[in-house]
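As a plain string of letters, each chain reads:
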Amino acid sequence: MERYRILPHTADGKFQAYGRTLEEAFANAALALASLMWDWTAVEPEIRHPVLVTGIDREQLLVKFLGEIIYLFETRQFLLGRVEEIRIRPEPGGFCLEAAFAGETLSERRDLFGDVKAVTYHELKIEECDGFTVQVVVDM
Amino acid sequence: MDLRKIDDNTWEIPAEGAMRVPAVVYSSARLLEAIRRDQTLAQARNVACLPGIERSSYVMPDAHQGYGFPIGGVAAFDLDEGIISPGGVGYDINCGVRLLRTGFTETDIEARRKELLAEIFREVPAGVGKGGVTKLSRAGLKDILLRGAEWAVENGYGRKEDLERTEEGGRMRDAAVEDVSERALERGLPQLGTLGAGNHFLEIQKIHEIYDEATARAFGLESPGQVLVMVHCGSRGLGHQVATDFIEMMENAFGVAGLPDRELVNAPFKSAQGQRYYRAMCAAVNYAFANRQMIAHWVREVFARVLGSAGGMDQIYDVCHNVAKVEEHEVRGRSKRLVVHRKGATRSFGAGRPEVPAAYRAVGQPVIIPGSMGTASFLLAGTKEAEALSFGSTAHGAGRVMSRHEALRRFRGEQIRDDLARRGIELKSTSWKGVAEEASEAYKDVDEVVRVSNEAGLGRLVAKVVPIGVMKG
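Residues numbered from 1 in each chain as written. Chains lettered and ligands numbered in written order. Predicted model: local features only at pLDDT ≥ 70, side-chain atom pairs only at ≥ 80, totals over all residues. Heavy atoms only, no water.

A. Region of interest: the overall build of chain B. Counting its secondary structure elements, chain B contains 15 helices and 19 strands. Each principal axis of the C-alpha distribution contributes one length, and for chain B these read about 60 × 50 × 50 Å. Counting the 473 residues in chain B, one finds 66% classified as buried. Taking all contacts inside chain B whose residues are at least 6 apart in sequence as the whole, residues at least 24 apart take part in 77%. Surface summary for chain B: the accessible area is close to 15,700 Å², and the carbon and sulfur share equals 47%. Of the charged side chains in chain B, 62 are positive and 63 negative; the average position of the first set lies 2 Å away from that of the second. (Helix = DSSP H or I, 4+ residues; strand = E, 2+ residues; numbered from the N terminus. Buried < 20%, exposed > 50% of the residue type's maximum accessible area, 1.4 Å probe, protein only. Contact = heavy atoms within 4.5 Å. Areas by Shrake-Rupley, 256 points an atom, 1.4 Å probe, with all protein chains shown as cover. Lys, Arg positive; Asp, Glu negative; His and termini not counted. Charge placed at Lys NZ, Arg CZ, Asp CG, Glu CD.)

B. View of the sheet that holds strand β1 (residues 4-7) of chain B. All names here are of chain B. Read from one edge of the open sheet, seven strands run β1-β2-β3-β4-β5-β13-β12, paired in mixed fashion. At either end of the open sheet lies a strand with only one pairing partner, and these are β1 and β12 (322-331). The mean inter-strand angle of the sheet, taken between neighbouring strand axes irrespective of direction, is 25 degrees. Pairing of strand β3 (residues 23-26) with strand β4 (residues 57-64), which is carried by three bridges, proceeds in the parallel orientation. Across the sheet, Val 24 pairs through a bridge with Tyr 58, a residue of β4. Taken strand by strand, helix α2 (residues 40-48) contacts β2 (10-13), β3, β4 and β5 (71-78), and its axis lies near 155 degrees from that of β4. (Pairing = 2+ DSSP bridges. Axes fitted to C-alpha atoms, helices over the stretch in contact; angles between N-to-C directions.)

C. Spatial organisation of the interface of chain B and chain A. Counting from both sides, the interface comprises 37 residues of chain B and, opposite them, 34 residues of chain A. Interface area for chain B against chain A, summed over the two sides, is near 3,100 Å², with a carbon-plus-sulfur share of 51%. On the chain B side of the contact with chain A, Tyr 67, Val 128 and Arg 262 of chain B bury the most area, a combined 20% of that side's loss. Here Arg 187 of chain B and Glu 74 of chain A are joined by a salt bridge, their closest N and O atoms 2.7 Å apart. Where chain B packs against chain A, one counts 18 residue pairs in polar contact (both at pLDDT 80 or more). For the side of chain B that touches chain A, the class distribution of residues is nine nonpolar, 15 polar and 13 charged. (Buried area = accessible area lost by both parts, 1.4 Å probe. Salt bridge = Lys/Arg side-chain N within 4 Å of Asp/Glu carboxyl O. Polar contact = N/O pair within 3.5 Å; in protein donor to acceptor, adjacent residues only side chain to side chain. Nonpolar A, V, L, I, M, F, W, Y, C, P; charged D, E, K, R; others polar.)

D. Representation of the packing of aromatic side chains. Scanning the model with the defined rule gives 13 aromatic pairs over all chains in all. With 6.1 Å between their ring centres and 25 degrees between their planes, Phe 26 of chain A and Phe 65 of chain A make a pair best called stacked. With Phe 26 of chain A in helix α1 (residues 22-35) and Phe 65 of chain A in helix α2 (residues 58-76), the pair connects residues that are 39 residues apart, well separated along the chain. In this structure, Phe 26 of chain A and Phe 65 of chain A share a single accessibility class: buried. Relative to Tyr 360 of chain B, the ring of Phe 219 of chain B lies with its centre 5.1 Å away and its plane at 90 degrees, an arrangement referred to as edge-to-face. Taken together, the residues Phe 219 of chain B in helix α8 (residues 213-219) and Tyr 360 of chain B in the loop between β14 (346-347) and β15 (366-369) connect sequence positions 141 residues apart. (Phe/Tyr/Trp six-rings, centres within 6.5 Å; stacked < 30°, edge-to-face > 60°.)

E. Local environment of unusual backbone geometry. A positive phi is found at Glu 123 of chain A, a non-glycine position, where the angle reads about 55 degrees. According to the relative accessible area criterion, Glu 123 of chain A is partly exposed, its value standing at 22%. In this structure, Glu 168 of chain B is a non-glycine residue whose phi angle is positive, near 60 degrees. Structurally, the position occupied by Glu 168 of chain B is in the loop between α6 (160-164) and α7 (182-188). Judged by its relative accessible area of 32%, Glu 168 of chain B is partly exposed.

F. Spatial organisation of the nonpolar core. The biggest cluster of nonpolar side chains holds 153 residues, and the ones touching the most others in it are Phe 26, Trp 38, Phe 65 and Leu 66 of chain A together with Met 281 of chain B. It is helix α10 (residues 272-307) of chain B that contributes the most residues to this core, 19 residues altogether. Ala 398, Ile 416, Ala 436 and Val 449 of chain B belong to the second-largest nonpolar core, a separate cluster that totals 28 residues. (Core = buried A, V, L, I, M, F, W, Y, C linked by side-chain atoms within 4.5 Å.)

G. Examining the pairing of strand β5 (residues 94-105) of chain A more closely. Residues and elements named next belong to chain A. Burial runs high along β5: nine of the twelve residues are buried. Direction of pairing for strand β3 (residues 47-55) relative to β5: antiparallel, over a ladder of nine bridges. Bridge assignment links Val 53 to a residue of β5, and that residue is Leu 97. With eleven bridges joining them, strand β4 (residues 78-91) and β5 adopt antiparallel strand pairing. Note on β5: the bridge partner recorded for Leu 80 is Gly 103. With antiparallel pairing between neighbouring strands as the criterion, β4 and β5 make up a hairpin whose turn holds two residues, including Gly 93 at a positive phi of roughly 80 degrees.

H. The arrangement of the packing of helix α4 (residues 113-123) of chain B against α10 of chain B in detail. Residues and elements named next belong to chain B. Relative to each other, α4 and α10 sit at 140 degrees, their axes nearing to 9 Å. By the criterion of interaxial angle, the relationship of α4 to α10 is oblique. Between α4 and α10 lies a crossing whose hand is right-handed. The segment α4 lies against α10, with Glu 115, Leu 116, Glu 119, Ile 120 and Glu 123 engaging Trp 298, Val 299, Val 302, Phe 303, Arg 305, Val 306 and Leu 307. (Parallel < 35°, antiparallel > 145°, perpendicular 65-115°, else oblique. Left-handed = near helix turned anticlockwise from the far one by under 90°.)

I. View of helix α1 (residues 29-37) of chain B. Residues and elements named next belong to chain B. Turning to α1, its buried residues number three or more, namely Leu 31, Leu 32, Ala 34 and Ile 35. Each buried residue of α1 sits inside an arc of 160 degrees when the element is viewed along its axis, so together they form one side. The exposed set on the far side of α1, more than 90 degrees from its buried face, consists of Glu 33, Arg 36 and Arg 37. Contacts from the buried residues of α1 go to β2, β3, α2, β4 and α15 (446-456). (Arc of directions from axis to C-beta.)

Dropping the structure here:
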């Protein structure tokens, strides 16, 4: 199954990610975002960062989840290579997501080729139809 | 959608449905073609629906679709009835442009031009994931958030006179550190004094043509061939995080039902949430002022080292083009304080306004409009008319017309470098991919943007400058 597709957008980065479950679609969205900045397929799972985010709805949950990648990159120079043990569950007032990011610290081994500044709600979509499709626009 | 032509450079969407005011678009028929292809006009209409909006939702000649508000959008709100919106400022808070003059001509520096650019490239950190060289404590960072460029000057970066020639004196006094999240501080710490990537750049330029001699003289411009330096960057990850944090906070406080676009989320200006965002935004504005102040200082140091002097390297001005500010404007014949959002728009105050530095008060503030990589940039002067037309605002640059994806498909960074070299423009970048994405063909024609600005009365053309050395993040 195709993990994600990068779509044309005038000023910024736009992608759709797919999954049989909402979790899988979120995990693939994380890899799609990473693909705008580095080659995640080459990144080794050397270190792990636990991720815990909550959201008032699934859209906010997705924006905050993807925001973790930017935050960890800018403050820990962490390059995401794999999303592990992702679980999404409803909770009072919204949703909660738990996962682990596996990857490595930026080094001369890796090239960077884009700067994602923020995850936006612009044209953000989460659709369920024979699995899940999420669509995200990021500010670059 | 009903878009009525008012004159060659002015179009109006009358208020209809939920719109509280009309939307006014300053554009030529040619620029309008691009504007109509994306969601710019629908976004301008959405802005016109927001509570407390005064006069009109304005669209500048370089507009293109943004998130929530269009890029190149200007909207002002009543302080009591109106709102403030992070989406009306943008993620890169106080993205802006600084322009320095020099006492050198193109001929003076020709032999050392490559060396100058190489040295600047070495001194000014740039590119994705590139940290700064400044070791900064958390207390130091908080000081910067409160005092902006003033902090930088006190710590040896630049001159006191630079502050007078910076919008807001390089410091927004309403900043508060306690409203800036831990995450924003963490992102800001390693990035102070960095140019960043994307469309941010630093250029060595020369004056190509002067249109208005008297105003040019007031700005410190002498004649064609004179060398200038332009710096375009913003508040880096700190500002992006402030925007992200407050979009979430306002969603949680006010919900998202009824918003035509979630990026339009907002808070009443006088609410606790509105005030907290405003104070945090001011702190991010200050970070960006300090950032440009430091970069400009390093550029002067390089000039001094390579050419033996940084003499005559006075700051012309520093403008913010992503910001919300409380300003006085005329509404229904009376002067009124409003919170003016400029997202991808430059303030363009004319002669006499107290906000304009004393040195320029007779001619209007300098308005700096950068072009795309390798194309011309322009210096305009603010006008009195712009106050009535657009709350004293005009365009901020060329504006993209092609996706990064498409630009990457069509152009190669190395090819662009060679083409620029043939035109006598030296290019240094941390990323050839980044260069391809920023190809000038991916942008609107900046000449047309400033022509409309000038004809519509939003900003008066003073000079055209062209690059001779370009540094990209």
